[in-house]
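# Architecture at a glance
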Amino acid sequence: MNGRRSLRAELAPLDEEFGAEVLAGLSREPKSLPCRYFYDARGSELFEEITELAEYYPTRAELAILRDHAGEIAARVAPGAVLVEFGSGSSRKTEILLDAMPGLAAYVAIDVSACALEGARSRLEARYPRLRVITRTGDFRMPLDLPAELAKAPRLGFFPGSTIGNLTREEAVGLMVDMRRALGKEPRLLIGADLRKDEALLLPAYNDARGVTAAFNLNLLARINRELGADFDLSGFRHEAIFDARQSRIEMRLVSLRGQEARVLGRRFVFAAQERIHTEYSHKYTVLDFQVLARRAGWSPVAVWRDAELLFSVHELIAP
Ligand SMILES: C[S@@+](CC[C@H](N)C(=O)[O-])C[C@H]1O[C@@H](n2cnc3c(N)ncnc32)[C@H](O)[C@@H]1O
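Here's what I pulled together on the structure shown here. (Residues numbered from 1 in each chain as written. Predicted model: local features only at pLDDT ≥ 70, side-chain atom pairs only at ≥ 80, totals over all residues. Heavy atoms only, no water.)

### Section: the sheet that holds strand β11 (residues 276-283)
Defined as follows: Only strands that DSSP links by at least two bridges are regarded as paired with each other. Secondary structure elements are taken from DSSP: a helix is a run of H or I of four residues or more, a strand is a run of E of two residues or more, and numbering for both begins at the N terminus. When checking whether two residues touch, look at their non-hydrogen atoms; a contact exists if any pair is within 4.5 Å. Axis definition: a line fit to C-alpha positions, over the contact stretch in the case of helices; interaxial angles, taken between N-to-C directions, run 0 to 180 degrees.
Pairing within the open sheet is mixed, and its four strands lie in the order β1-β11-β8-β7. The open sheet has two edge strands, β1 (31-32) and β7 (237-244), and neither has a second partner. Across the sheet, helix α9 (residues 212-228) is in contact with β7, β8 (249-256) and β11; its angle to β8 comes to roughly 60 degrees.

### Details of the pattern of salt bridges
What counts, and what does not: Salt-bridge detection follows one rule: a side-chain nitrogen of Lys or Arg within 4 Å of a carboxyl oxygen of Asp or Glu. Relative accessibility under 20% of the residue-type maximum defines a buried residue, over 50% an exposed one, and the middle range a partly exposed one, all with a 1.4 Å probe and only protein chains included.
Counted by the stated rule, this structure contains 30 salt bridges. Residue arginine 36 pairs with glutamate 21 through a salt bridge whose shortest N-O separation is 2.5 Å. One end of the pair, arginine 36, is in the loop between β1 and α3 (41-51); the other, glutamate 21, is in helix α2 (residues 13-27), with 15 residues separating them in the sequence. Relative accessible area serves as the criterion here: at 23%, glutamate 21 is assigned to the partly exposed category. The salt bridge partner of glutamate 240 is arginine 276, with a shortest N-O separation of 3.6 Å. Taken together, the positions of glutamate 240 in strand β7 and arginine 276 in strand β11 put the pair 36 residues apart, joining distant regions of the chain.

### Focus: the side chain of aspartate 40
This is how the line gets drawn: Contacts described as polar in this section are N or O atom pairs within 3.5 Å, which, within protein, must combine one atom able to donate a hydrogen with one able to accept it, while residues neighboring in sequence count only if both atoms come from side chains.
Mapped onto the elements, aspartate 40 comes out in the loop between β1 and α3. Separated by 2.7 Å, the side chain of aspartate 40 and the backbone nitrogen of glycine 43 make a polar contact. Setting aside residues up to four positions removed in sequence, aspartate 40 forms contacts with Ser113, Asn219, Arg223, Arg226 and Glu227.

### Quick look at the site of the ligand
As a reminder, the rule being used: Proximity is defined per residue: if any heavy atom of the residue lies within 4 Å of a molecule or strand, that residue is considered near it. Computed by Shrake-Rupley with a 1.4 Å probe, the accessible areas treat only the displayed protein chains as cover when residues are assessed. Residues are grouped as follows: nonpolar covers Ala, Val, Leu, Ile, Met, Phe, Trp, Tyr, Cys and Pro; charged covers Asp, Glu, Lys and Arg; every other residue, Gly included, is treated as polar.
The ligand sits among 16 residues. The nearest are Tyr39, Gly87, Lys93, Asp111 and Phe140. Aspartate 111 places a polar side-chain atom, nitrogen or oxygen, 2.5 Å from an oxygen atom of the ligand. Phenylalanine 140 places a main-chain nitrogen or oxygen 2.8 Å from a nitrogen atom of the ligand. Protein coverage of the free-state accessible area of the ligand, which is 590 Å², stands at 93%. A per-class count over the shell around the ligand returns five nonpolar, six polar and five charged.

None of this, on its own, says anything about what the molecule does.
Written out as structure tokens, the structure is:
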């Protein structure tokens with residue numbers, strides 16, 4: 001049996017994609033794993049813990065920006081609009097917008113983590129009983145299909161958390177083009193991008209003292225073991241996050257502590273001592289750099305806000 005057919009026999013369709021991407025990533029040189037698979041139930045929980053760490057400034061800074069400017073943002077959104085959030089996770093930041101926009105026709109939350117979506121849905125339905133909450137489990141690069149009665153409503157896209165930074169610049173442009181199309185006529189997008197800053201602030205945010213980010217990174221191997229029947233020895237790998245100044249990005253990796261092997265879906269992978277598996281980028285942009293990317297994707301900047309300490313930026317974009 002060839003590898004592809006044996007995969008089909010063993011896995012449900014979604015796991016099949018996961019399996020195929022893991023096999024492809026581990027076959028590459030250097031080895032890599034796609035970061036969207038961080039977010040199983042445990043990964044989403046660990047991400048929420050990260051957002052509360054003293055060292056992790058992005059969530060606090062973005063929340064402050066949204067609180068300070070929600071009124072101004074809401075003033076430009078027509079009543080009856082639909083708020084569409086990409087990679088919504090816990091939807092905690094969304095509540096600031098929902099409080100400022102009581103006239104929304106619906107809130108659409110898209111995330112790969114079914115568990116995060118369910119948690120968010122029940123909390124939001126209890127807190128906003130009149131709000132229509134629609135959840136879509138899957139990749140935010142998928143075309144957006146909305147119920148027919150919402151098809152003509154104006155749409156405000158929301159993409160917080162600097163998730164855009166996890167993509168390479170080219171991928172980020174491609175995703176912003178897809179979002180422009182998904183957001184219909186006269187689209188509007190509110191997007192959070194982490195700012196370039198001193199390494200003394202950046203590095204601790206991805207190397208926290210309690211090791212929560214390390215646990216988040218290693219959980220990817222635990223997920224591969226559990227869902228793909230692999231046999232990674234988690235104690236044989238360590239978390240690493242470095243800042244690549246030339247590319248202006250944090251790069252997270254798992255480093256093999258010794259020469260070792262792991263089996264994934266019947267395939268054997270060999271890891272040399274100190275060999276790295278790339279797991280995530282987190283690009284850091286200046287305001288101008290980000291606006292250049294947005295323009296390349298057909299968006300025009302309307303506003304940009306930064307927090308008082310100039311750690312984070314939120315851009316409002318329209319496509320004329
Ligand atoms: C950095 S977290 C941000 C979460 C939340 N929006 C915030 O600002 O705190 C990224 C979120 O995007 C989701 N995600 C990552 N890649 C995705 C993809 N390709 N499609 C859909 N959701 C994705 C993850 O499950 C996670 O909830």
